[in-house]
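Architecture and fold: a report
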Amino acid sequence: MKNFKSIALGATAATALMLGTGMASADNVVTVNAVQIFGTVDPAKINDYTEYMAGVNLYEALTTLDGSGAIQPLLAESWTTSEDGLTWAFKLKNGATFQDGSPIEAKDVVWSVNRLLAINEGPSYLFEGVLSEGSVTEIDSRTVQFQLEKTYAPFLTTTPILFVVNSDLAAENAGDGDPWAQDYIANNSIGAGAFYLDSWERGAGMTIKAYDGYHLGWTDTGIDEVRFVVTNEEATVKALAASGELSMSSDAQAQETYDSIGALADYRVDKYSTATNFYLKLNNSIAPTDDVNIRKAIAYATDYDTIRDVILPGAPLTGPMPPIFADAYPDDIGAPVFDLAKAKEHVDASSYAGSGPIDIEIMYVAGLAFEEEIGLLMKSILDTIGFNTILKPEPWNRMTELAADVNTTPAINQVFYGATYPSPDTFFFTQYHSRAAGTWASMEWVLSDEVDAMIDEARTISDVERQNAIYKSLQRKLVEDQVDVFVLTQQSQQAFHKCLQGFTWVPMQSFEFNFHTMQWVCLLYTSDA
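Calculation rules
Residues numbered from 1 in each chain as written. Predicted model: local features only at pLDDT ≥ 70, side-chain atom pairs only at ≥ 80, totals over all residues. Heavy atoms only, no water. Helix = DSSP H or I, 4+ residues; strand = E, 2+ residues; numbered from the N terminus. Rg over C-alpha atoms; globule rule 2.2 N^0.38 Å. Buried < 20%, exposed > 50% of the residue type's maximum accessible area, 1.4 Å probe, protein only. Contact = heavy atoms within 4.5 Å. Areas by Shrake-Rupley, 256 points an atom, 1.4 Å probe, with all protein chains shown as cover. Salt bridge = Lys/Arg side-chain N within 4 Å of Asp/Glu carboxyl O. Disulfide = S-S within 2.5 Å. Pairing = 2+ DSSP bridges. Axes fitted to C-alpha atoms, helices over the stretch in contact; angles between N-to-C directions. Arc of directions from axis to C-beta. Right-handed = clockwise from strand over helix to strand, strands pointing away. Expected span 1.5 Å × (residues − 1). Polar contact = N/O pair within 3.5 Å; in protein donor to acceptor, adjacent residues only side chain to side chain. Core = buried A, V, L, I, M, F, W, Y, C linked by side-chain atoms within 4.5 Å.

1. Some details on the overall build of the protein
When helices and strands are tallied, the protein shows 15 helices and 20 strands. What you see for the protein is a C-alpha radius of gyration of 24 Å, in line with the 24 Å of a compact globule of 529 residues. Counting only C-alpha atoms and orienting by the principal axes, one finds that the protein spans roughly 80 × 60 × 45 Å. For the protein, the proportion of its 529 residues judged to be buried stands at 57%. Relative to all contacts within the protein whose residues are 6 or more apart in sequence, the contacts with residues 24 or more apart total 71%. Of the accessible surface of the protein, which amounts to about 19900 Å², a share of 49% is contributed by carbon and sulfur atoms.

This is the structure:
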């Protein structure tokens with residue numbers, strides 16, 4: 001693929017350049033730790049951070065976004081919209097191909113959107129009442145038109161997750177009972193991304209390799225292969241670094257792991273601000289968190305400073321959304337405080353007072369040391385003010401299963417959530433609208449007509465000033481109702497091998513893990529002989 005390649009090196013040779021004649025090159029192979037399994041690679045079904053990590057590398061959409069959150073062309077070179085915002089026409093880039101070498105055409109976009117709507121999983125809920133079969137049409141081979149059924153202000157910001165599938169290859173692998181080739185696409189990548197799926201061992205790891213014909217091209221220092229290792233064992237991650245094999249850690253390691261890896265000669269630990277929040281998601285529809293006094297008691301019983309300063313680095317979070325969308329952010333909401341006396345007052349004022357200790361479950365990802373620490377901290381506090389706190393560690397895939405039903409979603413759930421598209425709407429519709437309930441992102445089960453109406457109104461108006469006023473009022477209501485405990489906005493950190501460069505955080509879930517944008521800068525040449 002490239003004229004010059006590189007490999008991971010030891011401490012003394014990592015930056016050496018050995019030049020000469022009769023030299024052959026080695027591939028740029030990076031090893032990346034993920035603490036969460038890849039549940040699916042089907043672009044119509046992806047919905048969490050590892051799945052989007054796969055999606056952004058295996059598939060392309062009409063658009064993407066830069067580090068500031070601005071929408072940029074990708075498969076579409078340009079687009080136009082009608083004055084009323086209902087009709088959108090995208091002109092496809094000439095020369096872009098799928099990974100089998102076939103051209104990307106408007107028919108593929110049409111088929112991919114229809115597939116997403118028909119399967120009705122993954123990000124399809126974002127387009128309910130906005131798009132339906134027939135809403136997307138082929139004008140010519142390079143022009144596709146979207147006819148929205150109602151004004152949908154965030155529409156353009158959602159287009160980076162409308163991944164395009166090779167419709168001809170899918171049709172060849174569809175069946176009578178599987179018209180959308182779900183079985184085939186569950187195990188194969190048939191997109192136009194920079195990488196293709198090479199191998200996948202469920203629950204343990206995945207390998208993706210570079211597509212030579214990728215439409216954005218490659219540089220000499222581009223990544224040839226990415227090997228994902230799925231583990232939340234801190235000792236394993238440290239061992240990978242000690243051997244020089246680790247190229248990038250996850251952003252969910254224990255602080256001691258970052259300190260240990262950062263002390264190694266060939267590694268650095270980068271810290272960066274994000275728009276990803278850490279919540280104690282409260283199930284508003286089951287006992288005892290169906291009582292607002294119980295929810296407020298939990299909020300007052302949260303030791304924010306200890307969590308942010310000792311366990312999980314982060315900035316204060318005043319409500320559902322961090323100030324990344326400044327014009328829609330209310331600056332009159334104060335930061336939450338730790339106040340045990342007020343917490344006890346709310347317990348005593350609740351409908352559950354006076355009947356002995358109140359059973360309450362806290363669910364978190366099994367094996368994540370910092371989430372266990374937070375669970376233990378919460379239990380040590382809540383049990384002093386009238387609760388019987390039950391810790392419930394579960395594998396992530398089990399947590400997502402439990403989140404699908406209001407009655408199996410525990411009262412308290414430790415969850416990260418960040419923007420899945422660059423609009424304030426991503427923090428409200430996805431987490432709190434009744435139509436979005438039943439996912440790991442919406443474990444609150446708010447089910448409020450008033451909240452739904454506010455979100456719907458903001459989505460259907462084009463007056464930005466009025467829209468932002470609605471978002472501010474909505475945040476005040478969600479905070480007053482204490483639908484969640486708003487713990488922090490994550491200050492992420494990751495360990496990187498010093499040869500891996502080019503990582504840039506992007507305000508859209510996992511889009512920063514697009515490995516085409518990264519480079520392996522340490523070159524080594526080996527003799528042909």
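2. Some details on the pattern of salt bridges
Across all of its chains, the model carries 22 salt bridges by this definition. Between Lys344 and Asp348 there is a salt bridge whose closest N-O contact spans 2.8 Å. Residue Lys344 and its partner Asp348 are both found in helix H10 (residues 340-349); the two are separated by four residues, about one turn of the helix. The exposure class assigned to Lys344 is partly exposed, which follows from its relative accessible area of 33%. Judged by relative accessible area, Asp348 falls into the partly exposed class, the value being 46%. Residues joined by salt bridges that share partners form a network here, namely Glu105, Lys107 and Asp168.

3. Side note on the state of the cysteines
This structure, assessed with the given rule, holds one disulfide. The disulfide partner of Cys499 is Cys522, and the gap between their sulfur atoms is 1.9 Å. On the S-S bond that ties Cys499 to Cys522, the torsion sits near -90°, and the link is left-handed. Here Cys522 lies in the loop between strand S19 (519-520) and strand S20 (525-527) and Cys499 lies in the loop between strand S17 (484-497) and strand S18 (500-501), a separation of 23 residues in the sequence. Note on accessibility: Cys499 and Cys522 belong to one class, buried.

4. Some details on the pairing of strand S11 (residues 225-230)
Of the strand pairs in this sheet, strand S2 (residues 29-34) and S11 are connected by six bridges, and their pairing is parallel. Across the sheet, the residue bridging to Val30 is Val226, located in S11. Note that strand S10 (residues 205-210) and S11 share five bridges and pair antiparallel. Among the inter-strand pairings, Gly205 is bridged to a residue of S11, identified as Val229.

5. What about the sheet that holds S11?
Across the sheet, four strands lie side by side as S2-S11-S10-S9; this open sheet has mixed pairing. Every other strand in the sheet has two partners, leaving S2 and strand S9 (195-201) as the edge strands with one partner each. When strand polarity is set aside, the average angle formed by the axes of neighbouring strands in this sheet is 20°. Running over the sheet, helix H1 (residues 49-58) touches S2, S9, S10 and S11 and is turned about 140° from S9.

6. Some details on helix H9 (residues 304-311)
When we look at burial in H9, the residues that qualify are Tyr304, Ile307, Arg308 and Ile311. Around the axis of H9, the buried residues are gathered within 120° of arc, so they sit on the same side. Opposite the buried face of H9, by more than 90 degrees, sit the exposed residues Asp309 and Val310. In the core, the buried residues of H9 are packed alongside helix H8 (292-300), strand S13 (314-315), helix H11 (369-382) and S17.

7. Some thoughts on the sheet that holds strand S6 (residues 87-92)
Pairing between the strands of a sheet comes from backbone hydrogen bonds, and it takes one of two forms, parallel or antiparallel. Reading across the sheet, the four strands line up as S5-S6-S8-S7 and stay open at both edges, with antiparallel pairing between neighbours. The strands lining the two open edges of the sheet, one partner per strand, are strand S5 (76-81) and strand S7 (136-140). Averaged over all adjacent pairs, the angle separating strand axes in this sheet is 25°, with direction ignored. Of the strand pairs in this sheet, S5 and S6 are connected by five bridges, and their pairing is antiparallel. Paired with Ala76 across the strands is Leu92, a residue of S6. Set on the sheet, helix H2 (residues 106-119) makes contact with S6, S7 and strand S8 (143-147); between it and S7 the angle comes to about 175°.

8. A look at the pairing of strand S14 (residues 358-365)
For S14, the tally of buried residues reaches six of eight residues, placing the bulk of the element in the interior. Pairing between S14 and strand S15 (residues 387-394): eight bridges, direction parallel. From the neighbouring strand, Glu361 faces S15, where its bridge partner is Ile390. Read as a crossover between parallel neighbours, the route from S14 over H11 to S15 is right-handed.

9. Side note on helix H15 (residues 464-480)
With 17 residues, H15 should cover 24 Å at 1.5 Å per step; its first-to-last C-alpha distance of 24 Å lies within 8% of that length. Buried residues of H15: Gln467, Asn468, Ile470, Tyr471, Leu474, Gln475, Lys477, Leu478 and Val479, and no others. Against the buried residues of H15 lie H8, helix H13 (425-432), helix H14 (449-459) and S17. Capping the start of H15 is the job of one residue whose side-chain oxygen sits 3.1 Å from the backbone nitrogen of Glu465: Asp463. Just downstream of H15, Gln482 is the residue with a positive phi angle, here 45°.

10. Some details on the side chain of Asp224
Structurally, the position occupied by Asp224 is in the loop between S10 and S11. A polar side-chain atom of Asp224 sits 2.7 Å from the main-chain amide nitrogen of Asn28.

11. Quick word on the nonpolar core
Formed by 159 residues in total, the largest nonpolar core has its most connected members in Phe146 and Tyr432. Examining the composition of this core, we find that eight residues originate from one element, H2, more than from any other. Ignoring any residue separated from it by four or fewer positions in sequence, one finds Tyr432 in contact with Tyr279, Pro320, Phe427, Glu444, Val446, Val451, Asp452, Ile455, Leu478, Val483, Asp484 and Phe486. In this structure, Val237, Leu240, Ile261 and Ala495 belong to the second largest nonpolar core, which totals seven residues.

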